[in-house]
Amino acid sequence: MSTAVPTKSFSDLGVPAPVVDALVAMDRPTPFPIQADTLPDTLSGRDVLGRGKTGSGKTLAFAIPLVVAVDEARGSRRRPGRPVGLVLAPTRELATQITATVEPLAKSLGLNVTTIFGGVKQSRQEQALAQGVDIVVACPGRLEDLMRQRIVDLSDVAVSVLDEADHMADLGFLPVVTRILAATPADGQRMLFSATLDNGVDKLVRKFLHDPVSHSVDPETSPVADMTHHVFEVSGKDDKTALVRALASGTGRRILFTRTKHQAKKLAKQLTEQGIPARDLHGNLSQPQRDRNLEAFSAGTARVLVATDIAARGVHVDDVELVVHVDPPAEHKAYLHRSGRTARAGSAGTVVTVMTPEQRKDTQVLLKKAAIAARPVAVTAASPVVVDLVGDVAPYVKPEPVAPPQQPRRAGGGHAPGRGRAGRGKGTGQRSDGAGQGGQQRRQGQSGQQRPRAGAGQRQAPSGGRVQGQGQGRAQQPRRRATRPAG
């Protein structure tokens, strides 16, 4: 009879007491396998190459040794623009999620963390760096911009982490990553985590990791024990629309993946109008919009997140019970990463792929590459298998009214195209949104004649006449007033 080997605690692995207390407060009292395997090496300062499927707990696997190493190396004072710890991530969402994991651990040791990414003004990031920062979590593009501007200097970096290296390669970031890592001290500790070592990731390993210890906890294609896969085939567009609505109608959190940004926006709007609060997440949103929508999903004010592949790796929200591929993804890696938003950290989850008969062959090839055994089942929204999967249907939520867009106002209280402040350009008579032509009012050759102030119904050019843009109105008004008869 075999005896089970007791699981080591974080303290047994050498994690300092303040960090252990922070982990307990985060409801992470016991290490996952990838953490238990890597921590003895990373805490001793070894370079580590970690390979594990999404949701395996690798963020904590590098966050713990990161804060410990930075605390030991930073000295007594912070230097402006010179961090001691660096984490590189491929997307803004992932960088934000990593920061959320690192910050409580860093705070337990008196360290601070700053997140750097593009798509927002850099002024706040500059200010944070100028005040002194211990750890930077960054996307490569914006970080390199700040390096070129000499706002940040990586000469003091004692430990570097590269997360989702394979996704970095997919996005074409490896040349930038290479330049960034080359700017860190050659004798610093480096940790690289990647699901695969293709597309040039192996070159990064050879160039920057010194005698690394490799740890692999389940290959990327290994099935997750608590993840159930379904493939639902629908006969047409109407059946698909009804099925997706039914799958979105349950009480728990769910993420619906679409192929395009337009589809994500449209579907989130449709579900919300049908009483299912939903938010969209895609590349057309600004960073503040992304943050608000993710916060609504995390807080539960929206039960459904409709996303493109931008969320396939960067969204780590607890208790996502269902992932729906509204359309099968283009390749098997995307399927695995999308699906990995559920059944995380030991929780159970369900994945549904919706397909039409025309998509059957490609979907079967996709699932075979992903090592997923799930046979297609022809269904409608009312099929028993769908009803059982959805479970309790959440109550209808009345959509919040959408405020109408504000209109520019004239001094007299009315509205006329091109007469508001927004209609005036800066010396060109044009508006940046292309609407300046709609406000063309002044006739050419009339600057020396008095003309009564006309209402909206009188502001038309004579047949065949040419009118100028109102954008020049400020510069010409004094001349018009000067030609008016006295009195």
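This text goes with the structure placed above it.
As the structure is a prediction and not an experimental result, all values here were calculated from the model.

Asker: Could you give me a rundown of the overall build of the protein, with the residues and numbers involved?
Answerer: The helix and strand tally for the protein stands at 17 helices and 16 strands. Out of the 487 residues in the protein, the part that is buried amounts to 48%. Long-range pairs, those at least 24 residues apart, make up 76% of the contacts in the protein between residues at least 6 apart in sequence. Carbon and sulfur atoms provide 49% of the accessible area of the protein, an area that totals close to 24600 Å².

Asker: Describe the nonpolar core, naming the residues involved and giving the relevant values.
Answerer: Membership of the largest hydrophobic core comes to 40 residues, with the highest contact counts inside it found for Val67, Val102, Leu105 and Ile135. Those elements that place two or more of their residues in this core are α1 (17-25), α2 (33-43), α3 (58-73), α4 (92-108), β4 (135-138), β5 (159-162) and β6 (189-193). At 10 residues, α3 tops the list of elements feeding residues into this core. Each residue touching Leu105, except ones within four places of it in the same chain, is listed here: Val19, Ala22, Leu23, Met26, Leu60, Ala63, Ile64 and Val67. In this structure, Leu49, Leu129, Leu162 and Val177 belong to the second largest nonpolar core, which totals 28 residues.

Asker: Go over the pairing of strand β9 (residues 253-257), please, and point to the residues and values.
Answerer: The element β9 is largely enclosed, with a buried count of 4 among its 5 residues. Pairing geometry for β9 and strand β12 (residues 320-325), over 5 bridges, is parallel. Bridge pairing in β12 places Ile255 opposite Val323. As defined by bridge partners, β9 adjoins strand β11 (residues 304-307) across 4 bridges and the pair is classed as parallel. Looking at β11, one finds that Ile255 is bridged to Leu305.

Asker: Residue-level account of unusual backbone geometry, with values.
Answerer: Even without being a glycine, Asp27 presents a positive backbone phi close to 65°. Tracing the sequence through the fold places Asp27 in the loop between α1 and α2. Judged by its relative accessible area of 59%, Asp27 is exposed. Of note, Asp211 is a non-glycine position whose phi angle comes to about 45°, a positive value. Structurally, Asp211 is set in the loop between α9 (201-208) and β7 (213-217).

Asker: Describe the sheet that holds strand β8 (residues 227-233), listing the residues and the values that go with them.
Answerer: Spatial strand order, β10-β11-β9-β12-β13-β8-β14: 7 strands in an open sheet with parallel pairing. In this open sheet, the two edge strands, each paired with only one partner strand, are β10 (278-281) and β14 (376-378). Each neighbouring strand pair of the sheet contributes to a mean axis angle of 25°, computed without reference to strand direction. Packing against the sheet, helix α11 (residues 261-273) makes contact with β9, β10 and β11, and its axis sits at approximately 175° to β10.

Asker: Describe the packing of helix α6 (residues 140-148) against helix α8 (residues 174-182), naming the residues involved and giving the relevant values.
Answerer: Here α6 crosses α8 at 45°, and the two axes come no closer than 10 Å. When the axis of α6 is compared with that of α8, the two are oblique. Note on packing geometry: the crossing formed by α6 with α8 is left-handed. Residue-level contacts link Pro140, Leu143, Glu144, Met147 and Arg148 of α6 to Val176, Val177, Arg179 and Ile180 of α8.

Asker: Explain the environment of His325 to me, and be specific about the residues and the numbers.
Answerer: With respect to the helices and strands, His325 occurs in strand β12. Taking the relative accessible area as the measure of exposure, His325 reaches 0% and is therefore buried. Sequence-distant contacts of His325, that is, excluding residues within four places in its chain, are made with Phe257, Tyr335, Arg338, Ser339, Val351, Val352, Thr353 and Val354.

Asker: I'd like a rundown of α6, residues and numbers included.
Answerer: Every buried residue of α6 is accounted for by Pro140, Arg142, Leu143, Glu144 and Leu146. Arg150 sits one or two positions beyond α6 and adopts a positive phi of about 60°.

Asker: Quick one: what's the story with the pattern of salt bridges, residue by residue and with numbers?
Answerer: Evaluation of the coordinates by the stated rule reveals 16 salt bridges. Its salt-bridge partner being Asp211, residue Arg46 comes within 3.7 Å of it at the nearest N-O pair. With Arg46 in the loop between α2 and β1 (48-52) and Asp211 in the loop between α9 and β7, this residue pair connects regions lying 165 residues apart in the sequence. Residue classification places Arg46 among the partly exposed residues on the basis of a relative accessible area of 32%. The class for Asp211 is exposed, based on a relative accessible area of 60%. A salt bridge links Glu93 to Arg290; the shortest N-O distance between them is 2.9 Å. Taken together, the positions of Glu93 in helix α4 and Arg290 in helix α12 (residues 287-299) put the pair 197 residues apart, joining distant regions of the chain.

Asker: Account for the packing of aromatic side chains, naming residues and giving values.
Answerer: Tallied over the entire structure, the rule returns 1 aromatic pair. On the numbers, 5.6 Å between centres and 50° between planes, the contact of Phe62 with Phe193 is tilted. Here Phe193 lies in strand β6 and Phe62 lies in helix α3, a separation of 131 residues in the sequence. Under the relative-accessibility criterion, Phe62 is labelled buried at 0%. Residue Phe193 is classed as buried on the basis of its relative accessible area, which comes to 0%.

Cut-offs applied
Residues numbered from 1 in each chain as written. Predicted model: local features only at pLDDT ≥ 70, side-chain atom pairs only at ≥ 80, totals over all residues. Heavy atoms only, no water. Helix = DSSP H or I, 4+ residues; strand = E, 2+ residues; numbered from the N terminus. Buried < 20%, exposed > 50% of the residue type's maximum accessible area, 1.4 Å probe, protein only. Contact = heavy atoms within 4.5 Å. Areas by Shrake-Rupley, 256 points an atom, 1.4 Å probe, with all protein chains shown as cover. Core = buried A, V, L, I, M, F, W, Y, C linked by side-chain atoms within 4.5 Å. Pairing = 2+ DSSP bridges. Axes fitted to C-alpha atoms, helices over the stretch in contact; angles between N-to-C directions. Parallel < 35°, antiparallel > 145°, perpendicular 65-115°, else oblique. Left-handed = near helix turned anticlockwise from the far one by under 90°. Salt bridge = Lys/Arg side-chain N within 4 Å of Asp/Glu carboxyl O. Phe/Tyr/Trp six-rings, centres within 6.5 Å; stacked < 30°, edge-to-face > 60°.

Remember, this is a structural readout, not a statement about activity or role.
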